[in-house]
Amino acid sequence: MVLDPKQTTVAYRCPHCGAGVMSVVGLFSLTADMIKLKCTCGQSEMSIVYSKDGKVRLNVPCILCPNPHSFTVNSSVFFNNDLFLLPCPYSDINICMTGEQNKVKAELARTELELLDMLQENGLDNFDIFHGEQTLTDPQILDIILFVINDLDAEGKIYCKCKTDPSAEGAEGNYEVEMTPEGIKVSCKNCGAQKTIPSNSLINAHEFLNCDSLTLE
């Protein structure tokens, strides 16, 4: 009788192109060497290592954070669960999933919808803002600033030339958010007015939390 080796389906979402990356991983292949799951875009990879103490160590790219996250789990959990999830420690978005193939596929689809909703709520077109050359000193900074910008926009408290120019009576601003080396820039696509909020200090981010309006110049 031939015994099937322990195996499971592993998946993560590429933070650069947004595609789901999925592969079947077996215990025998893990004990031989490190396994790397690479996205077809060539911009990200997840590494999996089986250690001598029976633990599986994963280094997982994150769709939201500028750097990957490291996890260590028991091999029994890694191989024996129908669905096992590893969330981003800062956002609770599931960034890695293992288990039965169909359940992993379903979780990839569910998290995709969750991420699309997050983009829409924050007025973003993609996740490039999270993966620019600048590394935030604390993931909370981005959360706070984006929360305030989104809240001010919803309340109509972002002001630009569209709203102050007498010749543009009734015009509405069309705002977008962009990460720059100086901070998070809010600009109006219609009139070109802009404002950059520094993102290098959690103290400054909390001060921005108390803003009751934002004027673009």
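This is a predicted model, so every value here is computed, not measured.

Colleague: Would you mind showing me how to read the pairing of strand E4 (residues 45-50) here?
Modeller: When a strand is regular, its side chains alternate between the sheet's two faces. Relative to E4, strand E3 (residues 35-38) is paired through four bridges, and the arrangement is antiparallel. Bridge assignment links Leu37 to a residue of E4, and that residue is Met46. Joining the antiparallel neighbours E4 and strand E5 (residues 55-60) is a turn of four residues, in which Gly54 adopts a positive phi near 80°.

Colleague: Whenever I open this one, the pairing of strand E8 (residues 94-99) confuses me. Can you help?
Modeller: Of all six residues in E8, six are buried, a share of seventy percent or more. For strand E1 (residues 7-13) and E8, the ladder comprises four bridges, and the chain directions are antiparallel. If you follow Val10 over to E8, its bridge partner there is Thr98. Count of turn residues in the strand E7 (residues 83-87)/E8 antiparallel hairpin: six residues, of which Asp92 carries a positive phi of about 70°.

Colleague: When you look at the nonpolar core in this model, what are you seeing that I'm missing?
Modeller: One recurring pattern in soluble globular proteins: nonpolar side chains tend to sit buried together. By size, the foremost hydrophobic cluster in this structure holds 27 residues, and its most contacted members are Val10, Leu37, Met46, Ile48, Leu58, Val60 and Phe78. Contributions of two or more residues to this core are made by E1, strand E2 (20-26), E3, E4, E5, strand E6 (69-74), helix H2 (75-80) and E8. Here this core gets three residues from one element, more than from any other, and that element is E5. Ignoring anything within four residues of it in the chain, the contact list for Val60 reads Tyr12, Met46, Pro68, His69, Phe71, Ile95 and Cys96. Of all hydrophobic cores here, the second largest spans 21 residues; its members include Ile145, Val148, Ile149 and Cys188.

Colleague: Got a minute to help me understand empty space enclosed by the protein in this structure?
Modeller: Space left empty within the atom packing is revealed by a probe, the size of a water molecule, rolled over the atoms. Inspection of every chain in the model, using the stated rule, returns one cavity of 30 Å³ or more. In terms of lining residues, the largest cavity is bounded by Arg13, Pro61, Ile63, Ile93, Asn94, Ile95, Met97, Leu108, Thr111 and Leu115. Counting only elements with at least two residues in the lining of the largest cavity, the list comes to E8 and helix H3 (101-121).

Each value, and the rule that gives it
Residues numbered from 1 in each chain as written. Predicted model: local features only at pLDDT ≥ 70, side-chain atom pairs only at ≥ 80, totals over all residues. Heavy atoms only, no water. Pairing = 2+ DSSP bridges. Helix = DSSP H or I, 4+ residues; strand = E, 2+ residues; numbered from the N terminus. Buried < 20%, exposed > 50% of the residue type's maximum accessible area, 1.4 Å probe, protein only. Core = buried A, V, L, I, M, F, W, Y, C linked by side-chain atoms within 4.5 Å. Contact = heavy atoms within 4.5 Å. 1 Å grid on protein atoms, 1.4 Å probe; cavity = no way out; pocket = protein on both sides within 12 Å on 5 of 7 lines; lining within 4 Å. Points joined across faces, edges and corners; volume = space filled by probe spheres on them.

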